[in-house]
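Chains, contacts and geometry: an overview
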Amino acid sequence: MNRDLLALVLYLCGGKVKGITRLNKIVFLLQEEFGLNGYNFSASKYGPWSTKLVDSINELEREGLIRIEEFRDPIYSFMQENPAKIIIASEALMEQGRKVYESYAVKNRILAAEMRRRARSYNSVPITYLLAYVYMKFPCFALNSMIRNKQLLIPSLKRSGTAQLRFGLSDG
């Protein structure tokens, strides 16, 4: 398990992430965009997925470092995450995440601030927009997707680049 990476991601997201699917996408994107080490991802029915990350979440819950609350949401039900889960970090895990973040900030404050901005963006946009962004930026992870063709947003995003402008998800 990469406890530091999960602590960092949960810290950057304000201690709460709505959905295991979303958490997988956030960890994947931060690893890819910032060169973080942690989990291996494969193309699943809903984009990049790491079973090791899910195992890590379950382990952190057993250790009392995260709490998982369930909620019902038709979008998450569509993605077979029903009931969906809200992952909530403990104070101890948040403190660990803060320390990891500060170690990045000491090396490069601008890069650390950008990492925080992106994590918050990824955590706040609708999950369908996040998936569209992942599929647009990493099309190889859409190969096995059950919703690739249902993401009507993708062609228009590719043409106009609005995913980057509208949701603050740009590379530069």
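Going by the structure above, here's the rest.
Bear in mind the structure is a predicted one, so any value in this text is a computation, not a measurement.

Attention now goes to helix 7 (residues 127-137). Burial runs high along helix 7: eight of the 11 residues are buried. Within the span of helix 7, buried status applies to Ile127, Leu130, Leu131, Ala132, Tyr133, Val134, Tyr135 and Met136.

Our focus in this paragraph is the side chain of Ser56. With respect to the helices and strands, Ser56 occurs in helix 3 (residues 51-62). Classification of Ser56 by relative accessible area gives buried; the value is 3%. The contact partners of Ser56, leaving out residues within four places of it in the chain, are Met1, Asn2, Leu6 and Tyr39.

What follows deals with the packing of aromatic side chains. Throughout the structure, instances matching the rule amount to five aromatic pairs. Aromatic side chains Phe28 and Phe138 sit 5.0 Å apart centroid to centroid with 75 degrees between the ring planes, which places their arrangement in the edge-to-face category. Linking Phe28 in helix 2 (residues 20-34) with Phe138 in the loop between helix 7 and helix 8 (153-160), this pair joins segments that are 110 residues apart in sequence. Here Phe28 and Phe138 have matching classes, each one buried. A cation over an aromatic ring shows up here: Lys107 above the ring of Tyr104, its NZ or CZ 5.7 Å from the ring centre. Sitting over the face of the ring of Tyr101, Arg116 holds its NZ or CZ atom 4.5 Å from the ring centroid.

Interhelical geometry of helix 2 versus helix 3 gives an angle of 120 degrees and a closest axis separation of 10 Å. The handedness of the crossing between helix 2 and helix 3 is right-handed. Side by side, helix 2 and helix 3 meet where Ile20, Leu23, Asn24 and Val27 of the first sit next to Leu53, Val54 and Ile57 of the second. When the residues that make up the contact of helix 2 with helix 3 are grouped by side-chain class, the tally is six nonpolar, one polar and no charged.

Tracing the chain through its elements places Met115 in helix 6 (residues 109-124). Assessed through its relative accessible area of 2%, Met115 is described here as buried. With 103 residues separating them along the chain, Met115 and Leu12 place their C-alpha atoms 8.0 Å apart. When neighbours within four sequence positions are excluded, Met115 is seen to be in contact with Leu8, Leu12, Leu30, Phe34, Leu36 and Tyr104.

Scoring rules and cut-offs
- Residues numbered from 1 in each chain as written.
- Predicted model: local features only at pLDDT ≥ 70, side-chain atom pairs only at ≥ 80, totals over all residues.
- Heavy atoms only, no water.
- Buried < 20%, exposed > 50% of the residue type's maximum accessible area, 1.4 Å probe, protein only.
- Helix = DSSP H or I, 4+ residues; strand = E, 2+ residues; numbered from the N terminus.
- Contact = heavy atoms within 4.5 Å.
- Phe/Tyr/Trp six-rings, centres within 6.5 Å; stacked < 30°, edge-to-face > 60°.
- Lys NZ or Arg CZ within 6 Å of the ring centre and 35° of its normal.
- Axes fitted to C-alpha atoms, helices over the stretch in contact; angles between N-to-C directions.
- Left-handed = near helix turned anticlockwise from the far one by under 90°.
- Nonpolar A, V, L, I, M, F, W, Y, C, P; charged D, E, K, R; others polar.

Any functional reading would require information beyond the geometric quantities listed.
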